[in-house]
Amino acid sequence: MMKLKRLKTLLVYSVLLALTLQAYPAGIVFAGTHDPDLKASPHVLNVTGYTPSIVIDDFNEPDAVNQPGKWTSGAGAEKVTYADRYANGPNSPYEGSHVLEVWSDEVKAYEWRTVSRTFDQPLDLSGVNYLTFAANCYGWQTEDYLIKVTLFSGEDSYESIAQINPNSWSKVAVSVKDWALRDHVTKIEFAFMLNFDHGGLKPGDPGYEFWGGNYQIDYLSGSNAIGMDFNVDGETEGFTAQGAEVDAAGGELRLTPAGVAPVLQSPMIIQDIDHYNTLSVKWKNESPFSKVKVEWITEESPDWDETKSEVFDIEADNSQSVEQEFNLSLHPEWSGSLKQFRLTFLSGGGASTGEIGIDQIRFKQLAPIEVFPGELTKHEIAASRDRIVIEGALKPGEAENFEGGVLQLFEL
Ligand SMILES: [Ca+2]
Ligand SMILES: [Ca+2]
């Protein structure tokens, strides 16, 4: 009797084991689960934006995928396309017209979906401190969507993990300044997964067998300016100064003047200014400087000269934070692709004291400055109450531009 019972027990276990084995393809029976220790790398930042110095790939041209030497899908990925579709968001590319889309194979949420590109001409990232890109993905669970980016230089590699959000563009800056081989990048690989614990799922539940999580990458670039918020202590985002000390602390880029006309200079950048007519600087100017000269160079006009400059009045010795808008909409040379800008602080008294704390810098599109041919000096209802009196003067030389013109009044 005992023997029979043991045999029956053994049989039951054998059948159960066989059933269990059949439920999985051979080879991955016990392989793969989510990894609770997998987190964003400490040298990876989620940023509000970035202004590249080098664009590696903007994915706007159809030949950016599926060609030799271009982006190619790898393990866990079915294919890679050049896309202008967004399943549940954010409904637009991060930049330009198209993005790179990596289509998920039938793999578990926590398995990597990879894509890579090999560079015939190695990339030189020695001039930038960050590899920057925007990433978007399908959504399922609430968190732990991870992008792994690996830079290769021959046999050596540099791996970084970023956390992103689904259905929106996460902007990622991977610090590369501590990687000695960043001047010779031969390959870039991206991989994506949802680091989700399947423990609570059973066969047949949605997402148990596989999760079809696609992801997208846009505006892959090398940058020094990572949002120009200056919220990382010691990170000046490539800004340098002459005649002043510059540092980042307390959420500000701090300029401590040591000369009579200190200059703050941006890193080399690639920034469209045809659609951004204003350089906006939020700051506290606790210094005696009462003017700022804004100067710039562009891709089209790369030499520093007076034709690409404008002087603005600023309030000196002001402990209040103000948003200073340098509206250049009337300047004929503020156009094309901006390469670099600098601010020179001026004062009548040759001051070199105080501190200027810059909270953030932005490019904005504001209403163009209107130019009037003259000035209105009087507009009132006459004492007799039967007339409206309007007086004004045209600027010298303007009158001939309006020869035969008619003055019209509109009631609003
Ligand atoms: Ca793009
Ligand atoms: Ca700030």
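Analysis parameters
- Residues numbered from 1 in each chain as written.
- Chains lettered and ligands numbered in written order.
- Predicted model: local features only at pLDDT ≥ 70, side-chain atom pairs only at ≥ 80, totals over all residues.
- Heavy atoms only, no water.
- Helix = DSSP H or I, 4+ residues; strand = E, 2+ residues; numbered from the N terminus.
- Rg over C-alpha atoms; globule rule 2.2 N^0.38 Å.
- Buried < 20%, exposed > 50% of the residue type's maximum accessible area, 1.4 Å probe, protein only.
- Contact = heavy atoms within 4.5 Å.
- Areas by Shrake-Rupley, 256 points an atom, 1.4 Å probe, with all protein chains shown as cover.
- Lys, Arg positive; Asp, Glu negative; His and termini not counted.
- Charge placed at Lys NZ, Arg CZ, Asp CG, Glu CD.
- Donors = N, O, S within 2.8 Å, 3.2 Å for Na, K, Ca; no water.
- Pairing = 2+ DSSP bridges.
- Phe/Tyr/Trp six-rings, centres within 6.5 Å; stacked < 30°, edge-to-face > 60°.
- Lys NZ or Arg CZ within 6 Å of the ring centre and 35° of its normal.
- Axes fitted to C-alpha atoms, helices over the stretch in contact; angles between N-to-C directions.
- pLDDT = per-residue confidence, 0-100.

Draft legend 1. Local environment of the overall build of the protein. The helix and strand tally for the protein stands at one helix and 25 strands. Relative to a compact globule of 412 residues, whose C-alpha radius of gyration would be 22 Å, the protein shows 30 Å and is clearly more extended. Seen through its C-alpha atoms, the protein measures out along the principal axes to roughly 125 × 55 × 45 Å. Looking at the protein as a whole, 42% of its 412 residues qualify as buried. For the protein, the share of sequence-separated contacts (at least 6 apart) that also reach a separation of at least 24 residues comes to 75%. Working note: accessible area of the protein is about 22200 Å², and carbon and sulfur atoms make up 51% of it. Across the protein, the mean location of the 31 positive side-chain charges is 11 Å away from that of the 61 negative side-chain charges.

Draft legend 2. Structural context of the coordination of the calcium ion (ligand 1). The protein atoms donating to the calcium ion (ligand 1) are D58 (O), N60 (OD1), E95 (O), E95 (OE), H98 (O), D218 (OD) and D218 (OD), with metal-donor distances spanning 2.3 to 3.0 Å. Mapped onto the sequence, the donors of the calcium ion (ligand 1) take the spacing D-x1-N-x34-E-x2-H-x119-D. Pair noted here: N60 is in the loop between β2 (51-57) and β3 (72-73) and D218 is in strand β12 (residues 215-225), with a separation of 158 residues, a long-range link. The burial state of N60 is the same as that of D218; both residues are buried.

Draft legend 3. Local environment of the sheet that holds strand β11 (residues 185-194). The five strands lie next to each other as β3-β6-β11-β8-β9, forming an open sheet whose pairing is antiparallel. Whereas interior strands pair on both sides, the edge strands pair on one side only; in this sheet they are β3 and β9 (156-164). In terms of strand pairing, strand β6 (residues 113-123) meets β11 through seven bridges, oriented antiparallel. When the sheet's bridge partners are listed, R113 is paired in β11 with F192.

Draft legend 4. How the structure looks around unusual backbone geometry. The amide bond that connects G89 to the next residue, P90, takes the cis arrangement and shows omega of 5°. Within the fold, P90 resides in the loop between β4 (77-83) and β5 (99-104). Even without being glycine, F230 reaches a positive phi, approximately 60°. By the secondary structure assignment, F230 is in the loop between β12 and β13 (240-242). Taking relative accessible area as the criterion, F230 reaches 1% and is therefore assigned buried. Positive phi is not limited to glycine here, since D317 has a value of about 45°. When you line up the elements, D317 lands in the loop between β20 (309-313) and β21 (322-327).

Draft legend 5. Representation of the coordination of the calcium ion (ligand 2) in the model. The coordination sphere of the calcium ion (ligand 2), as far as protein atoms go, consists of D229 (O), N231 (OD1), G251 (O), D359 (O) and D359 (OD), spread over 2.3 to 2.5 Å. Coordination of the calcium ion (ligand 2) draws on donor residues from a single chain, spaced D-x1-N-x19-G-x107-D in sequence. You can see N231 sitting in the loop between β12 and β13 and its partner D359 sitting in strand β23 (residues 355-364), a full 128 residues away along the chain. A relative accessible area of 54% places N231 in the exposed class.

Draft legend 6. Layout of the packing of aromatic side chains. Tallied over the entire structure, the rule returns 23 aromatic pairs. With centroids separated by 5.9 Å and ring planes inclined at 65°, the aromatic side chains of F239 and F341 adopt a geometry described as edge-to-face. With F239 in the loop between β12 and β13 and F341 in strand β22 (residues 337-346), this residue pair connects regions lying 102 residues apart in the sequence. Taken individually, F239 and F341 each receive the classification buried, so the pair is uniform in this respect. Put simply, the rings of W140, Y145, F192, F196, W211 and Y215 pair up and form one aromatic cluster. Taking the ring centre of F152 as reference, the NZ or CZ of K187 above it sits at 4.8 Å. A cation sits over an aromatic face here: R342 above W304, 3.9 Å from the ring centre.

Draft legend 7. Representation of the sheet that holds β21 in the model. As summarised here, the arrangement of the five strands in space is β14-β15-β23-β18-β21, forming an open sheet in which the pairing is antiparallel. Single-partner strands in this sheet number two, and they are β14 (244-249) and β21. Strand after strand, the sheet turns through a mean of 30° between neighbouring axes, direction not considered.

Draft legend 8. Examining the confidence of the model for the protein more closely. Per-chain confidence: the protein averages 90 in pLDDT, with 91% of residues scoring 70 or above. Across residues 15-31, confidence stays below pLDDT 50; counting only partners more than four residues off in sequence or on other chains, it has three contacts.

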